[in-house]
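Read off the chains here:
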Amino acid sequence: MEQQLDYAAVRAAADRTAGAIRPVAVAPVADGLWYALEFLQHTGSFKARGAHNFVAAHRAAGTLPDAGVTIASGGNAGLACAWAARAQGVPATVFLPATAPRVKVDRLRGYGADVRLVGDHYGEALEACHRFAADSGALASHAFDHPLIAAGAGTLTDEIRAALPGLDTLVVAVGGGGLFAGVATAARAHGVRVVAAEPEHCRALNAALEAGRPVDVPVDSVASDSLGAPRVSADALAAARQDNAVSVLVPDEAITAARRALWEEHRIVVEAGAATALAAVRTAPKPLGERVAVVLCGANTDPGHL
């Protein structure tokens, strides 16, 4: 399937996912500031949007094989892929390093996934996933680097705009860039600014902007479990170069403080990755806009770490 990421692709994703995903709740928290509570989404993160769009689009095009879908991910993308495959009645085969925490394996199996534990590192699991796709004919999915995945994530923008008339700024955390690419693509169609927040030592998008192309970066952050992509997608870089986007970096201390503040002030528990977006607001030298929505994108975390 030939795909490109544009606003039309986001609108098509909205049609495909209608009734299957939970519309985002938007809550006022301070003067000019709202939280988009996307951690309430199926599987606990925004990833369900892109995964459902990816699988449903292939189903509609007649390109969803009986062998189902496969992905290498023990995180939110793997959970979302397994959930979306189950909804379409096809198998999901998820590859993880043998060192993956048992809780992740159990959650994936709870969604009906066939979990394969391979090697000690993610790279080995990814190679095994590629071999499995080639041998079995299963459809290979990706955590973030695919137009259908990003377009699904981008459906958040219009939902937030509908709940918050006059929205001028969206703040999102960036790992590999699927969420940012989709949200920014839709936001640009409506003149909404997007702030891309990354940890200082986990800055694939920021580094790509500096280099003028996607480059590999070291990953060392309290948020690296969900934002730890070593390289950002080309679609994310293209979106970041548009006039409605800005890249900011935040220190780990601010991420930890933002995560703790969400719990202490609102009894909200999120991943450090989701707290990265709020950290950008809390550390900004001046308000980021007059009507700002912060996307709290996922909550698959251990509350004990608060």
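Above this text sits the structure in question.
Residue indices follow the written sequence of each chain, beginning from 1 at its first position. Predicted model: local features are reported for residues with pLDDT of at least 70 only, side-chain atom pairs are reported and counted for 80 or more only, and whole-chain, interface and lining totals are derived from all residues. Side-chain metrics rest on all non-hydrogen atoms present in the structure, leaving aside hydrogens and water.

(A) Summary view of the overall build of the chain. Note on conventions: DSSP H or I runs of at least 4 residues are helices, E runs of at least 2 residues are strands, and numbering of each starts at the N terminus. Per the secondary structure count, the chain includes 12 helices and 10 strands. Our radius of gyration is a C-alpha quantity, and the globule rule it is checked against amounts to 2.2 Å times the number of residues to the power 0.38. Relative to a compact globule of 306 residues, whose C-alpha radius of gyration would be 19 Å, the chain shows 18 Å and is just as compact. When the backbone C-alpha atoms are referred to their principal axes, the chain occupies close to 55 × 40 × 40 Å. Throughout, a contact is declared for two residues whenever any of their heavy atoms are within 4.5 Å. Taking as baseline every contact in the chain between residues at least 6 positions apart, the subset at least 24 positions apart corresponds to 71%. Within the structure as shown, the chain displays about 12,600 Å² of accessible surface, and the carbon and sulfur contribution to it stands at 50%. Two residue types count as positive, namely Lys and Arg, and two as negative, namely Asp and Glu; His and chain ends fall outside the count. Charge positions come from single atoms, namely NZ of Lys, CZ of Arg, CG of Asp or CD of Glu. Within the chain, one finds 26 positive and 31 negative side-chain charges whose respective centroids are separated by 3 Å. Surface accessibility follows the Shrake-Rupley procedure with a 1.4 Å probe radius. Residue values consider only the protein chains on display as shielding.

(B) Representation of empty space enclosed by the protein in the model. Grid points spaced at 1 Å and placed over the protein atoms alone form the basis of the search, with a cavity being a set where a 1.4 Å probe fits but cannot get out and a pocket an open set showing protein on both sides within 12 Å along at least five of seven lines. Lining residues have an atom within 4 Å of a point. Grid points are joined across faces, edges and corners, and a volume is the space filled by probe spheres set on the points. This structure, assessed with the given rule, holds one cavity of 30 Å³ or more. In this structure, the largest cavity occupies an estimated 110 Å³ of space. Along the wall of the largest cavity there are 17 residues; nearest its centre are K47, G50, A51, A143 and I149. Taken together, the elements giving at least two residues each to the lining of the largest cavity come down to α2 (47-61), α3 (76-87), α6 (147-163) and α7 (178-188). Looking at the lining of the largest cavity, the element that brings in the most residues is α2, giving five residues.

(C) Highlighting α2. The end-to-end C-alpha distance of α2, which contains 15 residues, comes to 21 Å, matching closely the 21 Å that a straight helix rising 1.5 Å per residue would cover. Categorising residues by exposure relies on relative accessible area from a 1.4 Å probe, with only protein chains included: less than 20% of the type maximum marks a residue as buried, more than 50% marks it as exposed, and the intermediate range marks it as partly exposed. Taken across its 15 residues, α2 has 12 buried, putting it largely inside the fold. Buried within α2 are the following residues: K47, A48, R49, G50, A51, H52, N53, F54, V55, A56, A57 and H58. Along its buried surface, α2 packs onto α1 (7-17), β3 (69-72), α3, β6 (139-140) and α6. A positive backbone phi angle near 75 degrees is found at G62, which sits one or two residues after α2. Helices are assigned an expected span. That span is 1.5 Å times one less than the residue count.

(D) Focus on the sheet that holds β6. Criterion used throughout: strands pair if DSSP finds at least two bridges between them. Strand order in the open sheet formed by four strands is β5-β4-β3-β6, with parallel pairing between adjacent strands. With one partner strand each, in any of the chains shown, β5 (114-117) and β6 form the two edges of the open sheet. Of the strand pairs in this sheet, β3 and strand β4 (residues 92-96) are connected by four bridges, and their pairing is parallel. When the sheet's bridge partners are listed, I71 is paired in β4 with V94. Axes, fitted as lines to C-alpha atoms, cover a helix only where it is in contact. Angles between the N-to-C directions of the axes lie from 0 to 180 degrees. The strands that helix α4 (residues 102-110) touches are β4 and β5; relative to β5, the one it contacts most, it runs at about 150 degrees. Across the sheet, helix α5 (residues 122-136) lies against β3, β4, β5 and β6, angled at about 160 degrees from β3, the strand it touches most.

(E) Spotlight on the packing of α6 against α7. Where α6 meets α7, the closest approach of the two axes is 7 Å, and the angle between their N-to-C directions is 55 degrees. Relative to α7, the element α6 is oriented oblique. Between α6 and α7 the crossing geometry is right-handed. In contact with A150, A153, G154, L156 and T157 of α6, α7 contributes G178, L179, A181, G182, V183, A186 and A187. Amino acid classes used here: Ala, Val, Leu, Ile, Met, Phe, Trp, Tyr, Cys and Pro are nonpolar; Asp, Glu, Lys and Arg are charged; the rest, including Gly, are polar. Tallied by class, the residues present in the contact of α6 with α7 amount to eight nonpolar, four polar and no charged. Just so you know how the angles are binned, under 35 degrees is roughly parallel, over 145 roughly antiparallel, 65 to 115 roughly perpendicular, and the rest oblique. Take the far helix as your reference; a near helix turned counterclockwise from it by less than a right angle gives a left-handed crossing, and one turned clockwise gives a right-handed crossing.

(F) View of the pattern of salt bridges. Basic side-chain nitrogens of Lys or Arg form a salt bridge, by our definition, when they fall within 4 Å of a carboxyl oxygen of Asp or Glu. A full pass over the atoms with the stated rule returns eight salt bridges. Linking R49 and E38 is a salt bridge whose minimum nitrogen-to-oxygen distance equals 2.6 Å. Taken together, the residues span a long stretch of sequence, with R49 in helix α2 and E38 in the loop between β2 (33-36) and α2 at a distance of 11 residues. The residue R161 makes a salt bridge to D158 at a minimum N-O spacing of 3.3 Å. Here R161 pairs with D158, and both are found in helix α6, just three residues apart, close to one helical turn. Looking at R161, the relative accessible area reads 30%, which means it is partly exposed. Assessed through its relative accessible area of 14%, D158 is described here as buried. Via salt bridges that share partners, R11, D158 and R161 belong to a single interconnected network.

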